[in-house]
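Structural features, examined
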Amino acid sequence: MATDPQLTSATSAVAQSPAPNAIASLETATATAAAIPSATTTTCTNVPRANSNSGSSDNGEDIGWLSEAIRGATCAADLAHLGPHLGAPASPLSWIAWGMDKVGALLPWTNFSWTALQVEQLRRTARETCEMPGYEDVFGTPDEYLRGVDAYYCNLSPEKMTPTGIFWFNTWQSGVLEGRKKIVRYILDNPDVYQPSSRVNKVIMIAGYFRSGTTLMHRMMAAQPATRSLHVFEMIDFADPTHYVTNREQLTTDTRIAQCRAQFDQFEKLYPGFWKRVAESHLTDPSEPDEEVVLFMYTSVHVLSFGVSGHPYSDWIANPNKNFIYRFLRMFMQMLNQGTTWPVTHWVIKSPLHMLYLDSFTEEFSPSFGVVFLHRDPVDGVPSFCRLMETWTSVFFQDKFFDLGLLGRLNLWMCKLSWDRVMAWQRKTDPSMYYNLQYRTFTKDPVGELEKIYNHFHIPMDGEARAAAIDYLNNNQQGKHGRANYSPERYGLTKELIHSVLSDYMEWSAQFP
């Protein structure tokens, strides 16, 4: 796969730009200081580090251009003046955090004992789960998962992170890994979950890049009485993910919703304005149905924060062979099915991430699945995803160490890789298994288009389902939670560059209604 000349030229020009003196001085001071020695020294032996590049995926697909584009984009000229705090300190906790981070930035040799990245402890926890008796019989070989764990943790840059950023990274990742261990142990201890007779019924996947209407379609479907979806409070490790609801009303009244909100509130006190900024891009609330990005954190797929780590992790994300992800997803859904006492015609799942791993999804969920692809000009989607990732990951970084140019190029190439795989998958897949729809067509008549999709996949949509979809639509008008301001230029991109890189996709998708 050849690299686009326009992108190569743009990347080279940026990479040759001189670094501002203030940034260069801070980088030099940080790199030479003996700060937090345990955070920068790990025993990640035999693990690909940021100066290596495999250049191809497991199935021989050329992805070397991805690492080259990402590595070439990282330069001081792209560093944003963006601090870890999204708003002014507004509580005693946020003032303390603000002070600690300022001290850490101004005096990089300061050693706070709680600011060491716990890389080895995190890797050890991940391996302990994979060593449980019976693990491979149910979840398959852990090799690919553990490669992702190593690529993520062993290529972090603690010297660019704030003390509170490191603290919260450790806390967050420890929770994720302990949550995974709890889920795996529960499933292994309850064989009914993984028996063939417990296999999930029909699954509808909604796929498309950001700002293409996938969230609206997903939540309209999830609102319908005979549909099952994953809610934030069920997936996130803030509450026990092995519990399951036994009636549909509990999806809005479960006590875990309040537990999760309490954790959200604590984070808001530390980083004022964080959840408001997230909601401007994508509403995330414990009571809402949401995409599997949350659940996939248990599989070492951190799509909202993979800019935190180096390009070996991006290579791992780009590798298409991710059957273990969908095995974990299916087992998790079957675990929740234990409590499903109401009639369910199908599950609905949704994430842009699925476009990267369609073959793995197909292998795990065949033959009872359907995929809806929503299409929109990527000029809207690429910078929108950049904005969400910027909000999500900036809390970890020191001022001026968050690389927006890297974020822009990484997202542009991941968008291209996603649609390249969608096109290849559709060429070899029975058309009855998928449905293509333009964003503009869907938004003109969302309920009518939903009925067409249900007809295509032979799913009944009665009056009650239609009424639920209309009710959700009426109560969730676009922009209800604010609108994010973003542009391609903020991330070192242009409309022309995005269209050039994605020209094959633009030409192909124009055929759809």
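See the structure shown above.
A few points on the structure. (Residues numbered from 1 in each chain as written. Predicted model: local features only at pLDDT ≥ 70, side-chain atom pairs only at ≥ 80, totals over all residues. Heavy atoms only, no water.)

1. Some thoughts on empty space enclosed by the protein
What counts is decided by this rule: A cavity here means a set of 1 Å grid points, computed over protein atoms only, where a 1.4 Å probe fits but cannot escape. A pocket is an open set with protein on both sides within 12 Å along at least 5 of 7 lines, and lining residues have an atom within 4 Å of a point. Grid points are joined across faces, edges and corners, and a volume is the space filled by probe spheres set on the points. To qualify as a helix, a DSSP run of H or I must reach at least 4 residues; to qualify as a strand, a run of E must reach at least 2; elements of each kind are numbered from the N terminus. Gly is put with the polar residues, along with every residue not named as nonpolar or charged; the nonpolar set is Ala, Val, Leu, Ile, Met, Phe, Trp, Tyr, Cys and Pro, and the charged set is Asp, Glu, Lys and Arg.
All told, the structure shown has 4 cavities of 30 Å³ or more when counted by the stated rule. As for the largest cavity, its lining consists of 14 residues, of which Tyr209, Val303, Pro352, Leu353 and Phe385 are closest to the centre. If you tally residues by element for the lining of the largest cavity, the top one is helix H20 (residues 404-428), at 3 residues. Of the residues that constitute the lining of the largest cavity, the class distribution is 11 nonpolar, 2 polar and 1 charged. For the second largest cavity, the calculated volume is near 60 Å³. Tyr209, Phe210, Ser212, Arg376, Asp377, Pro378, Gly381, Val382, Cys415, Trp419 and Tyr505 are the residues that line the second largest cavity.

2. Here's the deal with helix H23 (residues 463-475)
Our working rule: The span one expects for a helix is its residue count, reduced by one, times 1.5 Å. Each residue is assigned to one of three classes by its accessible area relative to the maximum for its type, calculated with a 1.4 Å probe on protein chains only: buried under 20%, partly exposed between the two thresholds, exposed over 50%. Note that the arc is computed from the directions linking the helix axis to the C-beta atoms. A contact between two residues is defined here by any heavy atoms of the two lying within 4.5 Å.
The terminal C-alpha atoms of H23, which comprises 13 residues, lie 18 Å apart, in line with the 18 Å expected from a rise of 1.5 Å per residue. Along H23, the residues classified as buried are Ala465, Ala468, Ala469 and Tyr472. Along the axis of H23, the buried residues cluster in a sector spanning 100°; they form a single face. H23 presents Gly463 and Asn474 as exposed residues on the side facing more than 90 degrees away from its buried surface. Check the buried side of H23 and you find it contacts helix H10 (214-222) and helix H22 (446-456).

3. Re the packing of helix H17 (residues 323-337) against helix H18 (residues 358-365)
How we decide: Only the stretch in contact is used when a helix axis is fitted, and all axes are lines through C-alpha atoms; the angle between N-to-C directions ranges over 0 to 180 degrees. Small angles under 35 degrees read as roughly parallel and large ones over 145 as roughly antiparallel, with 65 to 115 read as roughly perpendicular and the rest as oblique. Note on convention: the crossing is left-handed when the near helix lies turned anticlockwise from the far helix by less than a right angle, right-handed when the turn is clockwise.
Where H17 contacts H18, the axes come no closer than 8 Å and their chain directions differ by 45°. Comparing the axis directions of H17 and H18 gives the class oblique. Considering only the axes of H17 and H18, their crossing is right-handed. From H17, Asn323, Tyr326, Arg327, Leu329, Arg330 and Met333 reach across to H18, where they touch Ser360, Phe361, Glu363, Glu364 and Phe365. Each residue belonging to the contact of H17 with H18 can be placed in one class, and the counts come to 5 nonpolar, 2 polar and 4 charged.

4. Considering the pattern of salt bridges
Applicable threshold: We define a salt bridge as a contact between a side-chain nitrogen of Lys or Arg and a carboxyl oxygen of Asp or Glu at a distance within 4 Å.
Using the criterion set out here, one finds 22 salt bridges in the structure. Ionic pairing is found between Lys181 and Glu128, a salt bridge with its closest N-O pair at 2.9 Å. Of this pair, Lys181 sits in helix H9 (residues 163-189) while Glu128 sits in helix H6 (residues 119-130), and the two are 53 residues apart along the sequence. The class of Glu128 is partly exposed, set by a relative accessible area of 36%. Here Lys350 makes a salt bridge to Glu291, at a shortest N to O gap of 2.4 Å. Remark: Glu291 occurs in the loop between helix H14 (274-281) and helix H15 (293-296) and Lys350 occurs in strand S4 (residues 346-350); sequence separation between them is 59 residues. The class of Lys350 is buried, set by a relative accessible area of 3%. Beyond isolated ion pairs, a larger network of salt bridges with shared partners links Glu120, Arg123, Arg127 and Asp150.

5. Thoughts on the pairing of strand S7 (residues 434-438)
Formally: Pairs of strands are assigned from DSSP output, requiring at least two bridges between the strands.
With 5 of 5 residues buried, S7 is to be regarded as a mostly interior element. Here S7 shows two buried faces, one formed by Tyr434, Asn436 and Gln438 and the other by Tyr435 and Leu437. Judged from the 5 bridges that link them, strand S5 (residues 369-375) and S7 form a sheet pairing that is parallel. Looking at the pairing, Leu374 lines up with Leu437 of S7.

6. Here we look at the sheet that holds strand S3 (residues 227-228)
The sheet built from 5 strands is open, its strands ordered S3-S4-S2-S5-S7 with parallel pairing. Two strands close off the open sheet at either side, each with one partner strand: S3 and S7. Against the sheet, H18 contacts strand S2 (203-207), S4 and S5, and its axis sits at roughly 155° relative to S5. Strands in contact with H20 are S5 and S7; relative to S5, the strand with the most contacts, it is inclined by about 135°.

7. Overview of the side chain of Arg256
One can find Arg256 in helix H13 (residues 255-270). Residues within four places of Arg256 in sequence aside, it is in contact with Phe233, Glu234, Ala239, Asp240, Pro241, His243, Tyr244 and Val245.

8. Some words on unusual backbone geometry
Along the chain, Ser366 connects to Pro367 via a cis peptide bond; the corresponding omega equals 5°. Inspection of the secondary structure puts Pro367 in the loop between H18 and S5. Within the chain, Arg211 stands out as a residue other than glycine whose phi angle is a positive 65°. Relative to the helices and strands, Arg211 is located in the loop between S2 and H10. A positive phi angle, close to 60°, is found at His458, a residue other than glycine. Looking at where His458 falls in the secondary structure, it is placed in the loop between H22 and H23. Classification of His458 by relative accessible area gives exposed; the value is 72%.

9. Concerning the environment of Ser503
Mapped onto the fold, Ser503 is located in helix H25 (residues 503-509). For the pair formed by Ser503 and Lys416, sequence separation is 87 residues and the distance between their alpha carbons is 9.4 Å.

10. Things to note about the packing of aromatic side chains
Counted only if it meets this: The pairing test for Phe, Tyr and Trp rings, Trp by its six-membered ring, is centres within 6.5 Å, and the orientation test on the planes gives stacked under 30 degrees, edge-to-face over 60, and tilted for anything in between. A ring is scored as having a charge over it whenever the NZ atom of a lysine or the CZ atom of an arginine sits within 6 Å of its centre and within 35 degrees of its normal.
Following the criterion strictly, the structure yields 28 aromatic pairs and no others. Measuring from centroid to centroid gives 6.1 Å for Phe139 and Phe328, while their planes differ by 35°, and the two rings are tilted. Here the residue Phe139 occupies a position in helix H7 (residues 135-139), and Phe328 occupies one in helix H17, the gap between them amounting to 189 residues. Look at Phe328 and you get buried, because its relative accessible area is 3%. Aromatic side chains Trp168 and Phe267 sit 5.5 Å apart centroid to centroid with 75° between the ring planes, which places their arrangement in the edge-to-face category. Of the two residues, Trp168 sits in helix H9 while Phe267 sits in helix H13, which places them 99 residues apart along the sequence. The buried category is assigned to Phe267, whose relative accessible area is 15%. Linked through ring pairs, Tyr145, Tyr152, Tyr153, Phe169, Trp172, Tyr313, Trp316 and Phe324 together constitute an aromatic cluster. Looking at Lys322, its charged tip hangs above the ring of Trp316, at a distance of 4.5 Å from the centre.

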